[in-house]
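What the coordinates show
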Amino acid sequence: MTKIEFKQIWVASVDIEADSGYDFMNLIDCSDFNNEALPNYIGAWANVIIQSATINEALSLLEIGLKEKNLKIKFIDKIENMYSLIEDNDVNVDIIKEAEWLYSSQYRFMISDKLWPYVND
């Protein structure tokens with residue numbers, strides 16, 4: 001993937017929650033917790049990678065992609081262009097590899113790495 005192609009990749013830091021009518025705990029994979037007693041998570045922070053030509057389209061795809069998973073945006077902390085992140089050395093190699101995979105696939109949206117769930121304070 002060339003540096004210029006990274007201009008079509010966006011990384012968003014998003015606070016997500018279950019869409020209306022869904023329980024957040026039923027939407028996330030908790031298999032790594034080995035039957036431990038889990039708190040009742042109500043949402044999570046996620047890094048989402050989106051392939052699109054413009055930031056407006058990226059925002060639209062972000063909403064559509066989460067909706068397909070019965071999730072919705074609670075808050076967008078930031079959305080940044082992958083090209084700029086690479087230029088500023090402000091992105092780790094794992095996210096770059098995920099972005100390269102996304103760019104070479106038929107998909108345009110992916111949740112990067114893992115979710116950071118939280119409970120109601």
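Now for a quick tour of the structure. (Residues numbered from 1 in each chain as written. Predicted model: local features only at pLDDT ≥ 70, side-chain atom pairs only at ≥ 80, totals over all residues. Heavy atoms only, no water.)

We now examine the environment of Tyr41. For Tyr41, the location among the structural elements is in strand β2 (residues 41-51). We classify Tyr41 as buried; its relative accessible area is 12%. The spacing of Tyr41 and Glu98 is 57 residues in sequence and 26 Å in space, taken between C-alpha atoms. (Helix = DSSP H or I, 4+ residues; strand = E, 2+ residues; numbered from the N terminus. Buried < 20%, exposed > 50% of the residue type's maximum accessible area, 1.4 Å probe, protein only.)

Moving on to the packing of aromatic side chains. Remark: the centre distance and the inter-plane angle together describe each pair of aromatic rings, the angle taken between the planes. Applying the stated criterion across every chain yields a total of two aromatic pairs. Between Trp45 and Phe75, the ring centres sit 6.3 Å apart and the planes meet at 85 degrees, which makes this aromatic pair edge-to-face. Pair noted here: Trp45 is in strand β2 and Phe75 is in strand β3 (residues 71-81), with a separation of 30 residues, a long-range link. Residue class for Trp45 comes out partly exposed when judged on its relative accessible area of 30%. (Phe/Tyr/Trp six-rings, centres within 6.5 Å; stacked < 30°, edge-to-face > 60°.)

A separate point is helix α4 (residues 93-104). For α4, built from 12 residues, the straight-helix expectation of 16 Å at 1.5 Å per residue is met to within 8% by its first-to-last C-alpha distance of 17 Å. Listing the buried residues of α4 in full gives Ile95, Glu98, Ala99 and Leu102. End-on view of α4: buried residues confined to an arc of 100 degrees, all on one side of the axis. Opposite the packed face of α4, turned more than 90 degrees from it, sit the exposed residues Val93, Lys97 and Ser104. Of the surrounding elements, those touching the buried residues of α4 are β1 (9-18), β2, α3 (82-87) and β4 (109-119). Capping the start of α4, Asn92 holds a side-chain oxygen 3.0 Å from the backbone nitrogen of Asp94, two or three residues further along. (Expected span 1.5 Å × (residues − 1). Arc of directions from axis to C-beta. Contact = heavy atoms within 4.5 Å. Polar contact = N/O pair within 3.5 Å; in protein donor to acceptor, adjacent residues only side chain to side chain.)

Next up on the list: the layout of surface pockets. One number sums up the size of the largest pocket: a volume of about 380 Å³. Ile28, Asp29, Cys30, Lys114 and Leu115 are the residues nearest the centre of the largest pocket, which is lined by 15 residues in total. Take the lining of the largest pocket: its biggest share by element is five residues, from β4. Residues that form the lining of the largest pocket fall into these classes: nine nonpolar, one polar and five charged. The calculated volume of the second largest pocket comes to roughly 190 Å³. Elements supplying a minimum of two residues to the lining of the second largest pocket: α2 (55-68) and β4. Here the element with the most residues in the lining of the second largest pocket is α2; it accounts for four residues. Within the lining of the second largest pocket, the residues separate by chemical class into six nonpolar, one polar and three charged. (1 Å grid on protein atoms, 1.4 Å probe; cavity = no way out; pocket = protein on both sides within 12 Å on 5 of 7 lines; lining within 4 Å. Points joined across faces, edges and corners; volume = space filled by probe spheres on them. Nonpolar A, V, L, I, M, F, W, Y, C, P; charged D, E, K, R; others polar.)

Below, the discussion takes up unusual backbone geometry. Phi at Asn89 takes a positive value of approximately 50 degrees, unusual for a residue other than glycine. Tracing the backbone through its elements, the reader meets Asn89 in the loop between α3 and α4. You can call Asn89 exposed: its relative accessible area is 71%. Unusually for a residue other than glycine, Asp113 sits at a positive phi of about 60 degrees.

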